[in-house]
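The chain contents come next:
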Amino acid sequence: MINHVRNTVLSVLNKENRGFLTPAQFNSYAKHAQQLIFNQYLSEYSRMLTAKNARQISSEFLDRSEVMQRKLEAFTKESSVAMTVGKYNKPSDLQYLVAIRYGNIEVEQVSRDKERFLINSNLTAPSSNYPVFVDERLAVTLHPSTLTSNLTFIYLRNPKDPKWTYNTVGENPVFNQSASDYQDFELDGTETVPLVIEILKLAGVTIREGEVTQAAQNIDVANTNKDS
């Protein structure tokens, strides 16, 4: 995917007489573009959760929800975290917290301003059957404090930084997928055109989606003819 995106970007730049994009520049722009689109995933996911909790569900919502779940599936991760000095540090690659489990029990989140009220209440105090946690940005605190076993964090991780790797043949960089530091885009394959558009924006080129699609198709045809 990353090689196809780069070839499409270079094709458009050449057509626009905008010069050449170095591998380092492309990788930098590719990282930014992927993160931007991933952040849009998170925004849409959060909006859908809000609609679901408000019971604002329609057939259109269910369709979008299915598509979004498929796109985010590759980024969903579970990590078991041990307590450290009374707290549970969040995984370093955590981007969006989905849920926390203590054993088989899902732990409910409470806000900091309600924490002391819950702990001191005879009726609503957290228990081993109904634990709660307080989010403290880099860590969480679990209540009741008698619970000290590992927590399971279910979350969405950040995508890995894409890297187009190459060998230099003559004066030209030639794609090398076998390099140890090679990393393809992790986004869904349907995001090829949006990735190209975002990278071109960073290169100072404004282009329509249809033009990007045509450029990508031309590259596919050229590659097919070359392989024939």
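Residues numbered from 1 in each chain as written. Predicted model: local features only at pLDDT ≥ 70, side-chain atom pairs only at ≥ 80, totals over all residues. Heavy atoms only, no water.

A. Fine view of the side chain of E191. Note that E191 resides in the loop between β10 (172-175) and α5 (192-202). The exposure class assigned to E191 is buried, which follows from its relative accessible area of 8%. Polar side-chain contacts of E191 include one of 2.9 Å to the side chain of K71. Filtering out sequence-adjacent residues up to four positions away, E191 remains in contact with M1, I37, Y41 and K71. (Helix = DSSP H or I, 4+ residues; strand = E, 2+ residues; numbered from the N terminus. Buried < 20%, exposed > 50% of the residue type's maximum accessible area, 1.4 Å probe, protein only. Polar contact = N/O pair within 3.5 Å; in protein donor to acceptor, adjacent residues only side chain to side chain. Contact = heavy atoms within 4.5 Å.)

B. Quick look at the pairing of strand β3 (residues 94-102). Bridge count between β3 and strand β8 (residues 151-157): six bridges; the pairing is antiparallel. Within the sheet, the bridge partner assigned to Y96 lies in β8 and is L156. Across two bridges, β3 lies against strand β4 (residues 105-106) in antiparallel orientation. By the bridge assignment, Y102 is partnered in β4 with I105. (Pairing = 2+ DSSP bridges.)

C. Representation of the sheet that holds β8. Spatially, the four strands line up as an open sheet ordered β1-β8-β3-β4, and their pairing is antiparallel. The open sheet has two free edges, formed respectively by β1 (76-81) and β4, since each of these has just one partner strand. As paired strands, β1 and β8 are joined by six bridges and run antiparallel to one another. Bridged to E78 within β8 is I154.

D. The arrangement of the packing of aromatic side chains in detail. Tallying each qualifying case throughout the model produces six aromatic pairs. Considering the side-chain rings of W164 and F175, the 5.8 Å spacing of their centres and the 15° angle between planes classify their relative orientation as stacked. Of this pair, W164 sits in the loop between β8 and β9 (166-169) while F175 is found in strand β10, placing the two residues eleven residues apart along the sequence. With 5.8 Å between their ring centres and 65° between their planes, F175 and Y182 make a pair best called edge-to-face. Among the residues examined, F175 registers a relative accessible area of 26% and is labelled partly exposed. Connected via pairs of aromatic rings, a cluster forms that spans W164, Y166, F175 and Y182. Stacked on the ring of W164, the Lys or Arg R6 has its end atom at 3.7 Å from the ring centre. (Phe/Tyr/Trp six-rings, centres within 6.5 Å; stacked < 30°, edge-to-face > 60°. Lys NZ or Arg CZ within 6 Å of the ring centre and 35° of its normal.)

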